[in-house]
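Structural characterization, general
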Amino acid sequence: MNRAGVTLLQEDGMERVERLSQAYSQAPWRKQMQILGLFLLMVVLIALVASIYLNVTGRAGALGRDIQKKQAEMLDDEQRISDMKSKLGILYSAGEMERRARALGFQSIDPEDTMYLAAPGYVERQPVNLAPVYQPQIISAPVLPPQYTESLFVWLQKQFNQVLFPLFKVQP
Amino acid sequence: MKPENSWRYLLVGSLLLVLPVLILFQLIRLQTNPQQIKEFKAQGKSLTEINTELVPPRGSIYDRWGNLLAGNQIVYEVAVELPQVKNPTAIALATNLVLGADYSRMLGIASTPPSVNVIHLTLAKNVTQDQVNKLQAMQNEFNQKYGNLKRGAPSLDGLVFVPYLSRIYPEKSLASPIIGFVNATGQGFYGVEEKYNDWLAGKTKTFLWSNDPVEAQRLPDMPEGASLVLTIDQSIQASMEELIDQEVQHTGSKSGVIVVLDPKTGEVMALATTTRMDLNQFWRAGDIYPSGTPFDPAVSETYEPGSVYKVLTMAAALDSGAVTPDTKFLDRGFIEIGGTIIHNWDGGAWGPQDMQGCLQHSLNVCLAWIAKRMGTSTFYSYMQRFGIGHVSGIDLAGEAAGRLKLPGDSDWYEADLGTNAFGQGVSATPLQMAAAVSAVANGGKMMSPHIVRSIISKGYQKDIEPQVLSAPISAETAHTLTEMLARSLETESSDALVPGYRVAGKTGTAEIPTPFGYTSDQTNASFVGWGPVDDPRFVVYIWLEKPQASVWGSIVAAPVFREAVERLVTLLNIPPDNIRHSLLGQ
């Protein structure tokens, strides 16, 4: 084959490669669409992550605000309970009770006017208990089964002894 | 794209690229520089985290039946938020009108220009709900009328009301010497408020409070201060206070004290004094109790008790075997001890007496003779066992110890043995005397006097168990002496006798020592007694200071004892002896 023949063959090969690559290459508009699609996908993904983050953070914030509000309400309630207890204390104070009793027509009793009767089962008035009586708690130490504390070697030794011991055990 | 415009596109594109890169670079730089990280974190925390101090509500105080004696009420701090203040003059006028606050001071505070460090300033504290309601009504009215008008129109904007808890005493002056009070800073003074201040106040906690709701944190556990249940009975206390006020006025006394103890437990049921104060007005304490005036004379004021002390001398003599009830004594009207001549209260000689007669006629000569017969060491040993010269340990602030001079002390003389025997030259508080004599009422055992019955802390109630302080005499001696004293009252038809109830007791009339010796025109009149004799439920100690109606305890103090017992048996539901015996027999 002469030199001209070689050149022709080379040109023919190049054309084939070009045609082949042209056949398999994408159109420019398609490439642009792909880039745009990828970009939009990223934007959507970022938006998705951001929206999830915002949603979670928003809900955490709202719950946190609720907690703070409840805590403030709790402190307010504690104050109001104390205040109302004191108002009740004023209503039950000795001077106030005496004033109301006298207004209702009661009067102080003299010892000679008092009548005492035997009342079976009567229990004398006991001083007030405003809370459960304190009793020291005896906290028993948790008893762990030996499996949790013994080493593997000790366990194997035990198993071994359990098998062998009856053989060597001297019966009385 | 035209070629001549390409450089413009390039420039805009470069700028758009460079700016984000710069921002990114700055972000990285800021977030990787340790010094700036520290600084920014501190700045962020200062804006979102507040160092908050949580003060627990102060514990309440109750009587033995659960009636509230000291609690907490909501009061307000009236303040100004300076950046929101529109009209300082209106604020000053309103607070002056409603709170009675000084106008120029209010104007000065409300006119303070706001700054980074000064935003919130207090105008007044301890403001009541009614006063706040009035100010809020004015605030709303101004807003409705002048809300849209320009600056300078009447406005209470910027005026804020911060609620907080403050101490309140629903019973006002009842049992005030026992309870004490809390001042504006929350510090307890006198009584149980001072003695148990740390318990009642609880523990203040400081923590960082985040404004950021995402970082909402659990409030630290903040149990309120411990509450106290006292041994006193509201009704008995009120009744005894009424009685002592009435009797001090009736007898023209300078002051008076009534102590009511349960001899079996040492519980103080009532401790009434004439000088009391409305504890809600703690700022008046200085006027009501001028310097040197004890807040609670029952535990803080010592005096020479006089003849009521003879109960202790006779108890010691009987218990040590120095005398028996039948021991005879010939009263010649005087006795010499340590170079001092001792006479009887009337200066007379009462002739042959047994020990009951000595007590019945309250013979100083006889009791001095008994002390001499006992001997110095025996007498003082018994007095110490009765707790004389020592604090009783009652859980109230400011207890005084009194004075019992002992052999060996630089100011003790042999003559003191004779005078101490009838309560002269020795000092004690009314509570000490009541506690000492309660040993005789309680079969020889002296219980530790106490005022707190239970402590409620962290949701549990812990009862304070009665404790034996000492056992100075035997049960037999106590019984014998009780019988002698009961018979003494019955034989002399004392004014202390209570119809239907057998009681034992002893009067006391003590001259008051002055720098010039003992005065005879002014005395301390006392009476100590207990009952019912076969099952003592109370010991009552009466002290009237410098009575004008009569100097004698038998005339002024004994009837007070009778009246006190008549009230006590009704309030404690104690039937007359015959009915009680018949009910017990059923």
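The rules behind each value
- Residues numbered from 1 in each chain as written.
- Chains lettered and ligands numbered in written order.
- Predicted model: local features only at pLDDT ≥ 70, side-chain atom pairs only at ≥ 80, totals over all residues.
- Helix = DSSP H or I, 4+ residues; strand = E, 2+ residues; numbered from the N terminus.
- Rg over C-alpha atoms; globule rule 2.2 N^0.38 Å.
- Buried ≥ 20, exposed ≤ 12 C-beta atoms within 10 Å, placed from the backbone.
- Contact = placed C-beta atoms within 7 Å.
- Pairing = 2+ DSSP bridges.
- Domains from an automatic or database assignment.
- Expected span 1.5 Å × (residues − 1).
- pLDDT = per-residue confidence, 0-100.
- Core = buried A, V, L, I, M, F, W, Y, C linked by C-beta atoms within 7 Å.
- Axes fitted to C-alpha atoms, helices over the stretch in contact; angles between N-to-C directions.
- Parallel < 35°, antiparallel > 145°, perpendicular 65-115°, else oblique.
- Left-handed = near helix turned anticlockwise from the far one by under 90°.
- Nonpolar A, V, L, I, M, F, W, Y, C, P; charged D, E, K, R; others polar.

Thoughts on the overall build of chain B
- Helices and strands together make up the secondary structure of chain B, namely 21 helices and 22 strands.
- Against the 2.2 N^0.38 benchmark of 25 Å for 586 residues, chain B shows a C-alpha radius of gyration of 35 Å, more extended than a compact globule.
- Taken over the C-alpha atoms alone, chain B extends approximately 145 × 60 × 55 Å along its principal axes.
- Counting the 586 residues in chain B, one finds 46% classified as buried.

Description of the overall build of chain A
- Each helix and strand counted, chain A has four helices and zero strands in total.
- When the helices and strands of chain A are read in sequence order from the N terminus, they spell out α-α-α-α.
- Per-residue burial over chain A gives 3% buried out of 172 residues.

Here we look at the interface of chain A and chain B
- Of the residues lining the interface, 32 residues belong to chain A; the matching set on chain B comes to 42 residues.
- Broken down by element, the residue count for the side of chain A that touches chain B peaks at 16 residues, all from helix α2 (residues 28-91) of chain A.

Quick look at the pairing of strand β18 (residues 460-463) of chain B
All names here are of chain B.
- With four bridges connecting them, strand β17 (residues 452-457) and β18 associate as antiparallel partners. From the neighbouring strand, I455 faces β18, where its bridge partner is K462.
- Between the antiparallel neighbours β17 and β18 lie two residues, among them K458 with a positive phi of about 50°.

Some details on the domain arrangement of chain B
- Examined at the domain level, chain B breaks down into domain 1 (55-168) and domain 2 (234-287 + 297-585).
- Its C-alpha centre places domain 1 of chain B at a distance of 53 Å from the equivalent point of domain 2 of chain B.

Details of helix α17 (residues 430-441) of chain B
- In this model, α17 of chain B (twelve residues) spans 16 Å end to end at C-alpha, consistent with the 16 Å of a helix rising 1.5 Å per residue.
- Counting buried positions along α17 of chain B gives twelve out of twelve residues, so the element sits mostly inside the fold.

Some remarks on the confidence of the model for chain B
- For chain B, per-residue confidence averages 92 on the pLDDT scale, and residues scoring 70 or more make up 98% of the total.
- The complex model carries a pTM of 0.83, and its ipTM stands at 0.82.

What about helix α9 (residues 234-251) of chain B?
All names here are of chain B.
- When the terminal C-alpha atoms of α9 are compared, their 26 Å separation across 18 residues agrees well with the 26 Å that a helix rising 1.5 Å per residue should span.
- Judged by how many residues are buried, α9 sits mostly within the fold: 13 of 18 residues are covered.
- Backbone geometry just after α9 places G252 at a positive phi near 70°.

Concerning the nonpolar core
- Ranked by size, the top nonpolar core spans 136 residues in total, and within it I258 and V260 of chain B carry the most contacts.
- Of the residues that make up this core, three or more belong to each of domain 1 (55-168) and domain 2 (234-287 + 297-585) of chain B.

So, unusual backbone geometry
Residue and element names in this part refer to chain B.
- The step from G531 to P532 runs through a cis peptide bond, and the omega angle for that step is -20°.
- By the secondary structure assignment, P532 is in the loop between β21 (517-531) and β22 (538-545).
- For A175, which is not glycine, the phi dihedral falls at a positive 60°.
- Locating A175 in the fold gives a position in the loop between β5 (159-168) and α6 (176-179).
- Exposure remark for A175: the 31 C-beta atoms within 10 Å place this residue in the buried category.
- Notably, S493 is not glycine yet its phi reads approximately 50°, a positive angle.

So, the environment of L208 of chain B
Residue and element names in this part refer to chain B.
- Along the chain, the position of L208 falls in strand β8 (residues 205-210).
- Take L208: there are 12 C-beta atoms within 10 Å of it, and that puts it in the exposed class.
- For the pair L208 and P576, spaced 368 residues apart in sequence, the C-alpha to C-alpha distance is 65 Å.
- In contact with L208, not counting residues within four places along its chain, are E49 and N51.

Overview of the packing of helix α12 (residues 310-320) of chain B against helix α14 (residues 364-374) of chain B
Residues and elements named next belong to chain B.
- Running from N to C, α12 and α14 cross one another at 40°; their axes reach a closest spacing of 10 Å. As summarised for this structure, α12 and α14 are arranged oblique, according to the angle between their axes. Considering only the axes of α12 and α14, their crossing is left-handed. Seen from α12, the contacting residues are K310, T313, M314, A316, A317 and S320; seen from α14, they are L367, I370, A371 and M374.
- The residue inventory of the contact of α12 with α14, partitioned by class, reads seven nonpolar, two polar and one charged.

Some remarks on the packing of α12 of chain B against helix α15 (residues 376-385) of chain B
All names here are of chain B.
- Where α12 contacts α15, the axes come no closer than 10 Å and their chain directions differ by 115°. Judged by the sense of rotation from one axis to the other, the crossing of α12 with α15 is right-handed. For the pair formed by α12 and α15, the contact residues are L312, A316 and S320 on the first element and T378, F379, Y382 and M383 on the second.
- The class makeup of the residues in the contact of α12 with α15 is five nonpolar, two polar and no charged.

A few points about the environment of Q22 of chain A
All names here are of chain A.
- Residue placement: Q22 occurs in helix α1 (residues 3-24).
- You can call Q22 exposed: it has 8 C-beta atoms within 10 Å.
- The spatial distance from the C-alpha of Q22 to the C-alpha of R59 is 55 Å, given a sequence separation of 37 residues.

Some words on the pairing of strand β13 (residues 334-337) of chain B
Residue and element names in this part refer to chain B.
- The side-chain alternation of β13 yields one buried face, formed by I335 and I337, and one unburied face, formed by F334 and E336.
- Note: β13 against strand β14 (residues 340-343), four bridges, orientation antiparallel. Considered in β14, the bridge of E336 is made with I341.
- Linking two consecutive strands that pair antiparallel, namely β13 and β14, is a turn of two residues; a positive phi of about 60° is found at G338 within it.

Quick look at the confidence of the model for chain A
- Here chain A shows a mean pLDDT of 83. Residues at 70 or above account for 87%.
- Within chain A, the lowest mean pLDDT, 75, falls on helix α4 (residues 152-168) of chain A, and the highest, 93, falls on helix α3 (residues 94-103) of chain A.

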